[in-house]
Structure formats: structure tokens, C-alpha cells
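Summary of the model geometry
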Amino acid sequence: MGLVYDLNLWKEAHQLVLEVYKTVDKFPKSEIFALSSQMKRCAVSVPANIVEEYKKQTKAHQIHFYNISDTSLEELKYYFLLSKDLNYITEKEHKILMSKSEEVGKMIAGFIKHIGAK
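The sections below set out a description of the structure shown in this document. Once a new chain begins, its residue numbering starts again from 1 and follows that chain's sequence as written. The predicted nature of this model means local features are confined to residues of pLDDT at least 70 and side-chain atom pairs, given and counted, to a pLDDT of 80 or more, with totals for whole chains, interfaces and linings taken over all residues. Think of the side-chain values as coming from all heavy atoms in the structure, minus any hydrogens and water.

Description of helix 1 (residues 8–24)
Put simply, the test is: Only runs of H or I of at least four residues qualify as helices and only runs of E of at least two qualify as strands under DSSP, and these elements are numbered from the N terminus. A helix's residues, less one, multiplied by 1.5 Å, set its expected span. For every residue, the accessible area (1.4 Å probe, protein chains only) is compared with the maximum for its type, and the residue is labelled buried under 20%, exposed over 50%, or partly exposed between those bounds. In this description, the arc belongs to the directions extending from the helix axis to the C-beta atoms. Any two residues whose heavy atoms approach within 4.5 Å are treated as being in contact.
Taking 1.5 Å as the rise per residue, helix 1 with 17 residues should run 24 Å; its terminal C-alpha atoms sit 24 Å apart, in good agreement. Where helix 1 is concerned, the buried positions are Leu9, Trp10, Ala13, Leu16, Val17, Val20, Thr23 and Val24. Taken end-on, helix 1 shows its buried residues confined to a sector of 145°, consistent with a single buried face. Summarising the geometry of helix 1, the exposed residues directed more than 90 degrees from the buried face are Asn8 and Lys22. On its buried side, helix 1 packs onto helix 2 (35–54), helix 3 (59–85) and helix 4 (91–117).

Some thoughts on the pattern of salt bridges
If the charged atoms of two oppositely charged side chains come close together, the side chains can form a pair. As a reminder, the rule being used: The term salt bridge refers to a pairing of a side-chain nitrogen on Lys or Arg with a carboxyl oxygen on Asp or Glu at a separation within 4 Å.
Within this structure, the stated rule accounts for seven salt bridges. A salt bridge links Lys22 to Glu19, with the nearest nitrogen and oxygen atoms 3.9 Å apart. Here Lys22 pairs with Glu19, and both are found in helix 1, just three residues apart, close to one helical turn. Note that Glu19 and Lys100 form a salt bridge whose closest N and O atoms lie 3.6 Å from each other. Of this pair, Glu19 sits in helix 1 while Lys100 sits in helix 4, and the two are 81 residues apart along the sequence. Taking relative accessible area as the criterion, Lys100 reaches 33% and is therefore assigned partly exposed. It is possible to trace a salt-bridge network through shared partners that takes in Glu19, Lys22 and Lys100.

What follows is the structure, encoded as C-alpha cells:
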């Protein structure tokens, strides 16, 4: 594995993906091709775009892929809220997922700020 997989940001984003997969496994089967699938795609997009950014040479490209990660993360947060409102997850699960998402979001913002300051 390359250096990108050693980044705390990537590790945290990857852990969030694993949490999402565990969470949606408990959803009703009717959600397999709907909310569950959409949540998985959003979650996977976060670390995947961090990996893609890692190989980009220009600041603009790097920031672009971090922005995609951040956008996917924001979409995922909405799905956490929807899942709670549909009673697919508990209030406690919602808070945990949101907290993990917020942490990843702060880390992404830090990387964008760092790249922009170079």
C-alpha cells in the first residue's frame, strides 16, 4: 500500500465507509437498491477521491478532488438524517455517524486550506 493509505484522513474516511456498510446492512430489504445503495456510493466516494487526489500534480486538481470528497460527505450526512427520520437508525447511531462525518469533514477542510496555502 502507498503513502495515501497512511494518511489519517484516508484512514478515518475508510472507517466511515465500514460503519456505513454495517449500518445499512440493518435497513429493510426494500432499501437495497435505494437508500442503502446511495449511502454506500456516497461513503465510498469520500476515500476514493482522496486516493485520486493523491496522484494529482496541480493544486487545482488536488483541491477539486477534496471538494468532491467533501460534497459526497455532505450528501451522506443528509442520508444519515433521513435514515434516522425513517427509524432505520437510532438517535444514538445518528449522533455517532454524524460525529465521525464531522471529523472527516474538518480534516478535508484542513487539507484544502493547506494546499491552498502552498
